[in-house]
Amino acid sequence: MLMKKMLRDMNRHKSQFVSIFLMAFLAVFIYTGVGAEWRGLQKSSDEFYEETNLSNVWIYSENVTDNQAKSVKDVKDVDEVERRLEVDIALPYMENSPKLTLNFLEKNKISMPQIIEGSNFDINDADGIWLDKRFADANKIKVSDTFIIPYNNTDFAKTVRGLIASPERVFLSDSDTLTPDFGANGCAFLSAKAFPFGSIPAYNTLLVTTNPSHSEKANSAYLTTVEDKITKALDGKFSVYLNQKDNPSVSTFHNEVLQHKMMGDIFPVAFLLIALLTMLTTMTRLVTNQRIQIGTLKALGFKKFAILRHYIAYGFFLSLLGSLCGLFVGPVTLPKLFIPSMSSFYTLPTWKTAYSGTFFVVAGLMVALGVLVTFLACNKLLHDTPADTLRPKAPTSFKHHMIEKTALWQYLGFNAQWNFRDASRNRLRALMAIIGVLGCTALIICAITMNTSMNDLKNWQYEDINKFESKMLLNPDVTENQVKTIMQMSDGEAIMEASVELRADDIKKTGALCVTDNTTLISPTDVHFKPIKLPSDGISVTAKMANLLHVEKGDVIEWKIYGSEEWHKSKILAIYREPVSQGISMGRAYLEAQDIPFKATSVLSSEDMKPQTAQPLLDGVDTVLSTADTIAGWNDLTEAMYIMVYVLILAAAVLAIVVLYNLGLLSFTEMEREMATLKVMGLKSGKLRSLLLTQSIWFSVIGFIPGIPCGIGLVILLVNSTGEAFDYPVMLHISTVLISFVFTFGISILVNLLFSRKIRKLNMVESLKAME
């Protein structure tokens, strides 16, 4: 009997119950879908790092001796050490002269290349080379091909034994481009016995693994202790000490995972709250309208628990069904949207999705909260005696609001007065509408602002800051005469770029150094995106780096160039803002005043210097980066962002439609007697529709205003998780507010129009029947 009654009730109020199902489904769907995606990323990278024994520390020096390696090996907490020679070369015989990092390995026990295709790495193979698979695929190189290595003005031939993935290059970090160009930048691994000039004269890298590993005990105190011990063992004779967490590839991918995790944790909360509020209002109204039925069941001898169990079943089955659908559909569908775009920027041997016990916990929590909310909605009425329950519900007590006692009240029309009193009597329904609109607005603002921020960053970098059309990357062995010739032929300007270590008190960071020489093709901007002329007699620091170091203009910081062991102290003369490369900038004269020679690494030109097919590069130039090509790569990057934008807009639309329609139906049902009375008194259907529309607009306005800062807050949370290298401009455009306004209010008006037929078909006799 009770089961049939429940099915009849669900059919009669299907729109409200469908909305409960949808909100429960979306909350679990987004949490489990995004959760399966980011956990899969984490699992795939962790397995990759573990299988290849990713180094915990990289130490760079001009010459890492065998005795130094043994000294580090003897340090407590150090598990294994391995020397490596890293050499960057250009391949001028290939199209666009790609760059390749050669790694000559001593042992192959740390940061081992993982074989994707071909034979396993052989430490005794003097003739073989193992190439980065993505580099090989982009340049159409296959296993068994002969590969020419130009080194020290001599060409050496090696046989491609295999194609690999390196755990140190999950993200291809290149300060010259915003997006990875796998065909222009790759890596290769060779045995130390394959070194073309006999034995290796000097290794320049020392890889260190610790026990316990950094991943198991990566707190700052532990890392500092290990660094101090290794520094002491080496007598400080090294140029760079890099922890795993500071490795650009590791940190960038880790920040990407954190960003996805944040999405999966934050957005489902909105749908969870709306589902619970919808369930509370729907069940409260249902129980109130069925007082007579409940009283009759009590009079017939049904126990309180049996009746309570009947109504709790509504919340239980709806939230259970929605949660189960979300639990099984989310992990299967959402990761498939993200993984293709992720794999175009990151390199992992396998891309997996991963389930977690928390998925079932969240689904169970959704069901438990649904049951709890239903219990709270029903319990009070079931405490009444059968006689009290069979009586009509007493009208809701209403106290006049303070505003009704003012002169302003008299100037308000009937429409405003009626809606004000209705909202005051039904505060929960009003709150639910406001929260729903707030959530919708926040998601729309977040989605559009993320998109506009990416475009703002592109315009800021390539229109406001960079005034050049080409950037010619110079060969490390380029001569001064060649640089002058390149500058003359391209009407260009030389700059020097390098990596630097920065230190302020106990804070150490890795950043970029840019040294200009009366350069006019780079126009720095201040923190307000206005052009600024940087002083040439001191250093300037990017705004984000200054925040990371906790310094400001006038403070003194220490810095040293990678490859050097000498620290320099400089006063900060200016703070400027840079979108994609955080660090310091200075003039050539100031650099040379520190007894550091100016070594040009690039020449900038306002002309398009990219050679045509079969046209050779200028002598001394390794690669030419075209601004147009870089912008095209940036546009490819934003396509991945569009997936997130589309998901957020779809979620916002579903949230707004479900909430506003459900509330509109709820309002209409609760006000049916009042509507019928007003219609009997002569009010036309159009006037009655305007009453509902006015209330909907009120709630939309109240929810829309706080939804704007909430949406901006979501964007800030997301961009802050992108890592230390990026400084995204988060700016709210008027167009964003207008689009959000039209979207939110358009849905509000559209939903209101759906009730027009209900008002026209209102049965006044049935609605005005007294409850006897």
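### Quick look at the overall build of the chain
Along the backbone of the chain there are 22 helices and 19 strands. Here the chain, with 772 residues, has 53% of them falling under the buried criterion. Here the analysis covers contacts within the chain between residues at least 6 apart in sequence; of these, 82% occur between residues at least 24 apart. Of the roughly 35400 Å² that the chain leaves accessible, carbon and sulfur atoms contribute 57%.

### Some remarks on the side chain of Asp727
Along the polypeptide, Asp727 turns up in the loop between helix 19 (685–719) and helix 20 (734–753). Its relative accessible area of 9% is what places Asp727 among the buried residues. Here the side chain of Asp727 touches Arg577 through a polar contact of 2.8 Å, side chain to side chain. Among residues more than four places away in sequence, those in contact with Asp727 are Leu457, Trp460, Lys544, Arg577, Glu578, Pro579 and Gln582.

### Observations regarding the pairing of strand 15 (residues 556–561)
Bridging between strand 12 (residues 493–504) and strand 15 involves four bridges; their strand directions are antiparallel. Each bridged residue has a counterpart across the sheet, and for Leu502 the counterpart in strand 15 is Trp559. Bridge analysis of strand 15 against strand 16 (residues 568–576) gives four bridges, and the strand direction is antiparallel. Among the inter-strand pairings, Trp559 is bridged to a residue of strand 16, identified as His568. Between the end of strand 15 and the start of strand 16, which pair antiparallel, lie six residues, with Gly563 showing a positive phi angle near 100°.

### Here's the deal with the pairing of strand 10 (residues 240–243)
Side chains of strand 10 alternate between two faces, with Val240 and Leu242 and Tyr241 and Asn243 buried alike. Of the pairings in the sheet, the one linking strand 1 (residues 57–64) to strand 10 comprises four bridges and is antiparallel in character. In the sheet register, Val57 faces strand 10, and the bridge partner there is Asn243.

### Quick notes on the confidence of the model for the chain
The share of residues in the chain with pLDDT of 70 or more is 87%, and the mean pLDDT across the chain is 82. At the low end of the mean pLDDT range in the chain sits helix 22 (residues 764–768), at 56; at the high end sits strand 5 (residues 128–132), at 95.

### Observations concerning helix 12 (residues 414–425)
A turn of α-helix holds 3.6 residues, and therefore any two residues three or four places apart point the same way. Taking 1.5 Å of rise per residue, the 12 residues of helix 12 would be expected to cover 16 Å, and the 17 Å separating its terminal C-alpha atoms lies within 8% of that figure. Where helix 12 is concerned, the buried positions are Asn415, Ala416, Gln417, Trp418, Asn419, Asp422, Ala423 and Ser424.

### Describing helix 20
Its 20 residues place the ends of helix 20 28 Å apart at the C-alpha level, agreeing with the 28 Å of an ideal helix rising 1.5 Å per residue. Within the span of helix 20, buried status applies to Thr736, Ser740, Thr744, Phe745, Ile747, Ser748, Val751 and Asn752. One side of helix 20 holds all its buried residues, which, seen down the axis, span an arc of 145°. In helix 20, the exposed residues that point more than 90 degrees away from the buried face are Ile734, Leu738, Val742, Leu750 and Leu753.

### Here we look at the packing of helix 13 (residues 427–465) against helix 20
Here helix 13 crosses helix 20 at 145°, and the two axes come no closer than 9 Å. Here the hand of the crossing between helix 13 and helix 20 comes out right-handed. Across the interface between the two elements, Val437, Cys440, Thr441, Ile444, Ile445, Ile448, Thr449 and Thr452 from helix 13 touch Thr736, Val737, Ile739, Ser740, Phe743 and Thr744 from helix 20.

### Quick look at the pattern of salt bridges
A side chain with one charge may pair with a side chain of the opposite charge, provided their charged atoms come close. Counted under the stated rule, the structure contains 20 salt bridges. With a closest N to O distance of 2.9 Å, Lys261 and Asp265 form a salt bridge. Here Lys261 pairs with Asp265, and both are found in helix 6 (residues 248–289), just four residues apart, close to one helical turn. In this structure Lys261 comes out as partly exposed when scored by relative accessible area, which is 31%. Each member of the salt-bridge network shares a partner with another, and the members are Asp66, Lys70, Arg83 and Glu106.

### Side note on the nonpolar core
Inside soluble globular proteins, nonpolar side chains tend to come together where they are buried. Val170, Phe253, Phe267, Phe271, Tyr346 and Cys446 are the most contacted members of the largest nonpolar core, which has 58 residues in total. Where this core is concerned, the elements lending two or more residues are helix 2 (14–52), helix 6, helix 8 (304–343), helix 13, helix 17 (627–670), helix 19 and helix 20. Top element by residues in this core is helix 2. It accounts for 11 residues. Residues in contact with Phe253, not counting those within four places in the same chain, are Leu41, Ser45, Val170, Met342, Tyr346 and Leu348. Core analysis: the next-biggest nonpolar cluster, separate from the first, contains 33 residues, Val478, Met496, Ala546 and Met586 among them.

### Considerations on a nonpolar patch on the surface
A grouping of Ile697, Trp698, Val701 and Ile705 is seen on the molecular surface, where their side chains present a nonpolar patch of about 320 Å² in accessible area. Note on placement: Val701 falls in helix 19.

### Digging into the packing of helix 12 against helix 13
One can describe the packing of helix 12 onto helix 13 by two numbers: an axis separation of 5 Å at closest approach and a directional angle of 100°. On the basis of their axis angle, the class for helix 12 and helix 13 is roughly perpendicular. Mapping the contact onto sequence places Asp422, Ala423, Ser424 and Arg425 in helix 12 and Arg427, Arg429 and Ala430 in helix 13. Here the contact of helix 12 with helix 13 is built from residues that sort into two nonpolar, one polar and four charged.

### Focus on the environment of Val659
If you trace the backbone, Val659 turns up in helix 17. Judged by its relative accessible area of 1%, Val659 falls in the buried class.

### A closer look at the packing of aromatic side chains
Applying the stated criterion across every chain, the model contains 20 aromatic pairs. Relative to Phe197, the ring of Phe195 lies with its centre 6.1 Å away and its plane at 70°, an arrangement referred to as edge-to-face. Seen from their ring centres, Tyr355 and Phe359 are 6.1 Å apart, and the 65° between their planes marks the pair as edge-to-face. We classify Phe359 as buried; its relative accessible area is 0%. Three or more aromatic residues joined by ring pairs form one cluster here, namely Phe104, Tyr151, Phe156, Phe195 and Phe197. It is Arg134 that lies over the ring of Phe182; its NZ or CZ is 3.9 Å from the centre.

### A look at the environment of Tyr576
Inspection of the secondary structure puts Tyr576 in strand 16. By relative accessible area, Tyr576 is classed as buried at 7%. Put simply, Tyr576 and Thr542 are 34 residues apart on the chain and 4.9 Å apart in space, counted from C-alpha to C-alpha. Excluding residues within four positions of it along the chain, Tyr576 makes contact with Pro524, Thr525, Asp526, Ile532, Leu534, Ser540, Val541, Thr542, Ala543, Gly583, Ile584 and Ser585.

Each value, and the rule that gives it
Residues numbered from 1 in each chain as written. Predicted model: local features only at pLDDT ≥ 70, side-chain atom pairs only at ≥ 80, totals over all residues. Heavy atoms only, no water. Helix = DSSP H or I, 4+ residues; strand = E, 2+ residues; numbered from the N terminus. Buried < 20%, exposed > 50% of the residue type's maximum accessible area, 1.4 Å probe, protein only. Contact = heavy atoms within 4.5 Å. Areas by Shrake-Rupley, 256 points an atom, 1.4 Å probe, with all protein chains shown as cover. Polar contact = N/O pair within 3.5 Å; in protein donor to acceptor, adjacent residues only side chain to side chain. Pairing = 2+ DSSP bridges. pLDDT = per-residue confidence, 0-100. Expected span 1.5 Å × (residues − 1). Arc of directions from axis to C-beta. Axes fitted to C-alpha atoms, helices over the stretch in contact; angles between N-to-C directions. Left-handed = near helix turned anticlockwise from the far one by under 90°. Salt bridge = Lys/Arg side-chain N within 4 Å of Asp/Glu carboxyl O. Core = buried A, V, L, I, M, F, W, Y, C linked by side-chain atoms within 4.5 Å. Patch = residues over 30% accessible without salt bridge, like charges linked within 9 Å, V, L, I, M, F, W, Y side chains within 5 Å. Parallel < 35°, antiparallel > 145°, perpendicular 65-115°, else oblique. Nonpolar A, V, L, I, M, F, W, Y, C, P; charged D, E, K, R; others polar. Phe/Tyr/Trp six-rings, centres within 6.5 Å; stacked < 30°, edge-to-face > 60°. Lys NZ or Arg CZ within 6 Å of the ring centre and 35° of its normal.

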